[in-house]
Amino acid sequence: MDKQNICVIPGVFDPVTNGHLDVILRAAKIFDKIYVTSFDNSSKKTMFNPEERLEMLRLACGGIEKVIIDATSDLLVEYAKSKTAGFIIKGIRNIIDYEYESDMFRINREIGGIDTLFFPAKTEHLYISSTFVREMIMYKRDISGYVPEKVNDYIAGILKKKAKNI
């Protein structure tokens, strides 16, 4: 398979949102193989452990034939090169995302020779972020409009289990 037909969609996915899923589905129209990969990010405080984040990705992406779910603590460009990926795909919601991701693009291009494609968020996903969803969870608000249905059910199960252990 030509490396140009393989991409990596990286993220922490804490949790995976409808915006993430939209980017994945759009990439599936273009690429032959897509590695949707949960990366460790030491600068982010997560609500869900790595196994839970991986399971949420599996639930969200189930049935998308071209998608391979993975997790790593590797450097993004090294991971992408190990998968012979030609591109990194990043969703962007606003100018702040763009500025951050364009800096990351330059770094990834410089150290690894990997290009990044930006997928602008659809209007209905502009304000949805994992941080926002975690806030809604903390305040016991309904998140069903912000995450895929199976992810919503999975999170509800986790919260119910945690409530029993208190």
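Preceding this section is the structure that the text describes.
Residues numbered from 1 in each chain as written. Predicted model: local features only at pLDDT ≥ 70, side-chain atom pairs only at ≥ 80, totals over all residues. Heavy atoms only, no water.

## Looking at the pairing of strand β3 (residues 67-72)
Here is step 1: With 6 bridges joining them, strand β2 (residues 33-39) and β3 adopt parallel strand pairing. Bridge pairing links phenylalanine 39 to threonine 72 in β3. (Pairing = 2+ DSSP bridges. Helix = DSSP H or I, 4+ residues; strand = E, 2+ residues; numbered from the N terminus.)

## Re the pattern of salt bridges
Here is step 1: Taken as a whole and judged by the stated rule, the model has 10 salt bridges.
Here is step 2: Among the salt bridges present, the one from aspartate 14 reaches arginine 134, with a minimum N-O distance of 3.5 Å. Of this pair, aspartate 14 sits in the loop between β1 (6-11) and α1 (18-28) while arginine 134 sits in helix α5 (residues 130-138), and the two are 120 residues apart along the sequence. Each member of the pair, aspartate 14 as well as arginine 134, is classed as buried.
Here is step 3: As a salt-bridge pair, aspartate 22 and lysine 122 come within 3.3 Å of each other at their nearest N and O atoms. Remark: lysine 122 occurs in the loop between β5 (115-120) and α5 and aspartate 22 occurs in helix α1; sequence separation between them is 100 residues.
Here is step 4: Given the relative accessible area of 9%, aspartate 22 is considered buried.
Here is step 5: By relative accessible area, which is 39% here, lysine 122 ends up partly exposed.
Here is step 6: Salt bridges here are not isolated pairs; linked through shared partners, they connect Asp22, Arg26 and Lys122. (Salt bridge = Lys/Arg side-chain N within 4 Å of Asp/Glu carboxyl O. Buried < 20%, exposed > 50% of the residue type's maximum accessible area, 1.4 Å probe, protein only.)

## Structural notes on the pairing of strand β4 (residues 87-92)
Here is step 1: Counting buried positions along β4 yields 5 of 6 residues, so the element is predominantly enclosed.
Here is step 2: In this structure, β4 lies alongside β5, joined through 6 bridges in parallel fashion. Bridging from a neighbouring strand, isoleucine 89 pairs with leucine 117 of β5.
Here is step 3: The β-α-β motif built from β4, the intervening helix α4 (residues 95-112) and the parallel element β5 has right-handed crossover chirality. (Right-handed = clockwise from strand over helix to strand, strands pointing away.)

## Comments concerning the environment of tyrosine 146
Here is step 1: By the secondary structure assignment, tyrosine 146 is in the loop between α5 and α6 (149-164).
Here is step 2: Overall, the relative accessible area of 18% leaves tyrosine 146 in the buried class.
Here is step 3: Note: C-alpha distance between tyrosine 146 and glycine 19 (127 residues apart in sequence) is 7.9 Å.
Here is step 4: Leaving out residues up to four positions away in the same chain, tyrosine 146 has contacts with Thr17, Asn18, Tyr127, Ile128, Phe132 and Val133. (Contact = heavy atoms within 4.5 Å.)

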